[in-house]
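Residue strings, one per chain:
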Amino acid sequence: MAAISSSENVTVRKMLPILSASTIGTAIEWYDFFLYGFFSATIFNKLFFPLLDPVTGILASFTTYYIGFIARPIGGAFFGWFGDRIGRKSVLVTTLLLMGISTCLMGLVPTYAQVGILAPLLITILRFLQGAGVGGEWGGSVLLSLEYGDNRRRGFWTSWPQTGVPLGLALAAIVVIITRALFTGDAFSGLGWRIPFFLSVVLILVGLVIRLRILDTPAFTKLKEENRISQAPLADAFKHHWKDIILTALLRSGEQAPFYLFTTFVLGYGVTSLKIPLNVLYVGIIVAAVVSFIFMPTASYVSDIIGRKRWFMIGTLLMAVFAFPFFLLLQTRNPVAVVFSMAFAIGICHASVYGPQAAFISEHFGPKLRYSGASLGYQLASLTAGGPAPIIATLLVAQYHSYVPLALYIILMALISFLSALALKEYANKDAQLDHDEVAVPASVTASDA
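Predicted, not measured: the structure shown is a model, and the values here were computed from it.

The rules behind each value
Residues numbered from 1 in each chain as written. Predicted model: local features only at pLDDT ≥ 70, side-chain atom pairs only at ≥ 80, totals over all residues. Heavy atoms only, no water. Helix = DSSP H or I, 4+ residues; strand = E, 2+ residues; numbered from the N terminus. Buried < 20%, exposed > 50% of the residue type's maximum accessible area, 1.4 Å probe, protein only. Contact = heavy atoms within 4.5 Å. Salt bridge = Lys/Arg side-chain N within 4 Å of Asp/Glu carboxyl O. Patch = residues over 30% accessible without salt bridge, like charges linked within 9 Å, V, L, I, M, F, W, Y side chains within 5 Å. Areas by Shrake-Rupley, 256 points an atom, 1.4 Å probe, with all protein chains shown as cover. UniProt positions renumbered as here; feature names shortened; annotations may be inferred. Axes fitted to C-alpha atoms, helices over the stretch in contact; angles between N-to-C directions. Parallel < 35°, antiparallel > 145°, perpendicular 65-115°, else oblique. Left-handed = near helix turned anticlockwise from the far one by under 90°. Nonpolar A, V, L, I, M, F, W, Y, C, P; charged D, E, K, R; others polar. pLDDT = per-residue confidence, 0-100. Phe/Tyr/Trp six-rings, centres within 6.5 Å; stacked < 30°, edge-to-face > 60°. Lys NZ or Arg CZ within 6 Å of the ring centre and 35° of its normal. Expected span 1.5 Å × (residues − 1). Bend = angle between axes of the 7 residues up to and from the residue.

Let's talk about the environment of Ala381
Move 1: Positionally, Ala381 belongs in helix 20 (residues 381-386).
Move 2: You can call Ala381 buried: its relative accessible area is 0%.
Move 3: If sequence neighbours within four positions are ignored, Ala381 has contacts with Ala249, Arg252, Gln256 and Gly386.

So this is what it looks like as structure tokens:
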């Protein structure tokens, strides 16, 4: 495939293979990642921590779930180094294989009843490898779209790999619903839960076929031709962009923490505390994913017009405003109200900030260090926001027996995102950040290979 070298050449038709490679591969990886989250909130406490009381068992299950989030910045740093040294495409193929193999092996792990303490140990190791794969995946998939695209529609192009999240979320929920229908009662706890993990093999093969057909990005190819590849991209990223890395990590607080409350914590909370049927919650996730898939590129397109900072700050305020209504609607236990609350929280509030976030983060780093810098900024939020969120929420409910602290937690996270966005520079409709060894030239003579 020929490289797209100027804004005049960038069309939807020419971008379609690139967007397909980044989006479908990302959707497959998130399908794998979300499967573990769904089961952590519902059955893994019984399969791998049966000797603990229900609350402690859920906490233990969420703790192994958190291991995947600890691995994400490690994977981001590791694969970011290779992405800036050997290219975006090679890393994307590797992360897809790592994620797929780890997920498939999860389906083979024996339970605590079969092998004792070895069971949670094995599932934790595989969860770590899953997290490392996701950590390296995001940067590559987003950079693929960004570095083939143009400045004017940077938010729109990079929003498509972001839609891999709702696609993977919906696919995982649909597969779980079907599997639960086919394997009822003890059959699901015995064999049924393993089937969705085995299906990952088929999905990975599809993703590999698509990704192996594309070339590396024009921006990275140019770096190689000019012999400007960084010898130590990770160290250089910290040296020259430490402030941007910290701010972009904090930027994600009001997006990531609420997301895992809306999609993972809500399953256990809804079933045990509110007595909402599990399938109603899964339907809510599927409807939310459909809304999100539509709204995410739309919000990102708007951010290209009015500015990334302005739109992102509006989105964080929307997230804060909807925190209390979300839980109030859940309290009704009415299926329509429950599905609406999830659809609006995930499909509108979360999508409004998650879509433009890809461009907002990655355009703060030059091509030379972009994989490492953007991956670190994105994945470090896993340690501070996404991973701890279900654990913190479970502890809050156990302590206060009320949804009020949960809503206040979401508002606090949204406020952190708002202030972080305020402190970041605006690059919408402009050339992205230059590398530290580049000299700015007038926009009229710059090629659009942001």
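Moving on from the model shown.
Structural notes on the pattern of salt bridges
Move 1: One pass over the full model with this rule turns up 10 salt bridges.
Move 2: Of the charged contacts in the structure, one is a salt bridge between Arg153 and Asp150, with a shortest N-O distance of 3.3 Å. Each member of the pair, Arg153 as well as Asp150, carries the same accessibility label: buried.
Move 3: Put simply, Arg154 and Glu363 hold a salt bridge, and the shortest N to O gap is 2.6 Å. Separated by 209 residues along the polypeptide, Arg154 in helix 7 (residues 154-162) and Glu363 in the loop between helix 18 (335-362) and helix 19 (370-379) bring together distant segments of the chain. Residue Arg154 shares its accessibility class with Glu363, and that shared class is buried.
Move 4: Residues joined by salt bridges that share partners form a network here, namely Asp84, Arg88, Glu147 and Arg370.

Regarding a nonpolar patch on the surface
Move 1: Taken together, Ile70, Ile74, Val115, Leu118, Leu121, Leu122, Ile125, Phe128, Leu129 and Leu383 make up a surface patch of nonpolar side chains, about 740 Å² in accessible area.
Move 2: Of all elements in the fold, only helix 3 (54-85) and helix 6 (118-148) reach the threshold of two or more residues within the nonpolar patch.
Move 3: When residues in the nonpolar patch are grouped by element, the largest group, six residues, is from helix 6.
Move 4: Looking at where Leu121 falls in the secondary structure, it is placed in helix 6.

Focus: the UniProt feature "domain: Major facilitator superfamily (MFS) profile" (unreviewed entry) in the protein chain
Move 1: The residues that UniProt annotates with the feature "domain: Major facilitator superfamily (MFS) profile" (unreviewed entry) are residues 18-425.
Move 2: Helix makes up 84% of residues 18-425 and strand 0%, with an end-to-end C-alpha separation of 27 Å.

Re the packing of helix 18 against helix 19
Move 1: For the pair helix 18 and helix 19, the least separation of the axes is 9 Å and the interaxial angle reads 135°. Classified by the angle their axes make, helix 18 and helix 19 are oblique. Helix 18 and helix 19 meet at a crossing whose hand is right-handed. Residues Tyr354, Gln357, Ile361 and Ser362 of helix 18 pack against Arg370, Ala374 and Tyr378 of helix 19.
Move 2: Grouping the amino acids of the contact of helix 18 with helix 19 by side-chain chemistry returns four nonpolar, two polar and one charged.

Thoughts on the confidence of the model for the protein chain
Move 1: Across the protein chain, the average pLDDT comes to 89, with 95% of residues at or above 70.
Move 2: Counting contacts from residues 1-7, a segment whose pLDDT is below 50, to residues more than four positions away or on other chains yields 17 contacts.
Move 3: Segment residues 439-450: pLDDT under 50, and 19 contacts once partners within four positions in sequence are set aside and those in other chains are kept.

Quick word on the side chain of Thr316
Move 1: Of note, Thr316 is situated in helix 16 (residues 308-321).
Move 2: Taking the relative accessible area as the measure of exposure, Thr316 reaches 3% and is therefore buried.
Move 3: Those residues in contact with Thr316 that sit more than four places away from it in its chain are Val353, Ala414, Ser417 and Phe418.

Notes on the packing of helix 1 (residues 12-42) against helix 3
Move 1: It is the contact of helix 1 with helix 3, at a shortest axis distance of 8 Å, that shows an interaxial angle of 155°. Relative to helix 3, the element helix 1 lies roughly antiparallel. When the axes of helix 1 and helix 3 are compared, the crossing they make is left-handed. Note on element contacts: helix 3 touches helix 1 through Ser61, Phe62, Thr64, Tyr65, Phe69 and Arg72, opposite Trp30, Phe33, Tyr36, Gly37, Ser40 and Ala41.
Move 2: Looking at the contact of helix 1 with helix 3, its residues break down into seven nonpolar, four polar and one charged.

Section: the packing of aromatic side chains
For any two aromatic rings, the description comes down to two numbers: the centre-to-centre distance and the angle of the planes.
Move 1: A full pass over the atoms with the stated rule returns 32 aromatic pairs.
Move 2: Here the aromatic rings of Phe33 and Phe69 are separated by 5.5 Å at their centres, their planes lie at 75°, and the arrangement is edge-to-face. Remark: Phe69 occurs in helix 3 and Phe33 occurs in helix 1; sequence separation between them is 36 residues.
Move 3: Here Phe69 falls in the buried class, since its relative accessible area comes to 0%.
Move 4: The aromatic ring of Phe188 is capped on one face by Arg180, whose charged end is 4.3 Å from the ring centroid.
Move 5: Lying over the aromatic face of Tyr378, Arg252 brings its terminal NZ or CZ to 3.5 Å of the ring centre.

Notes on helix 3
Move 1: Spanning 32 residues, helix 3 covers 47 Å between terminal C-alpha atoms, matching the ideal 46 Å at 1.5 Å per step.
Move 2: Where helix 3 bends most, the angle comes to about 25°, and this point is Ala71, followed within four residues by the proline Pro73.
Move 3: Of the residues trailing helix 3, Gly87 is marked for its positive phi of about 125°.

Considering helix 16
Residue pairs three or four apart in sequence face the same way in an α-helix, which turns once every 3.6 residues.
Move 1: The end-to-end C-alpha distance of helix 16, which contains 14 residues, comes to 20 Å, matching closely the 20 Å that a straight helix rising 1.5 Å per residue would cover.
Move 2: For helix 16, the complete set of buried residues consists of Arg308, Lys309, Trp311, Phe312, Met313, Gly315, Thr316, Met319 and Ala320.

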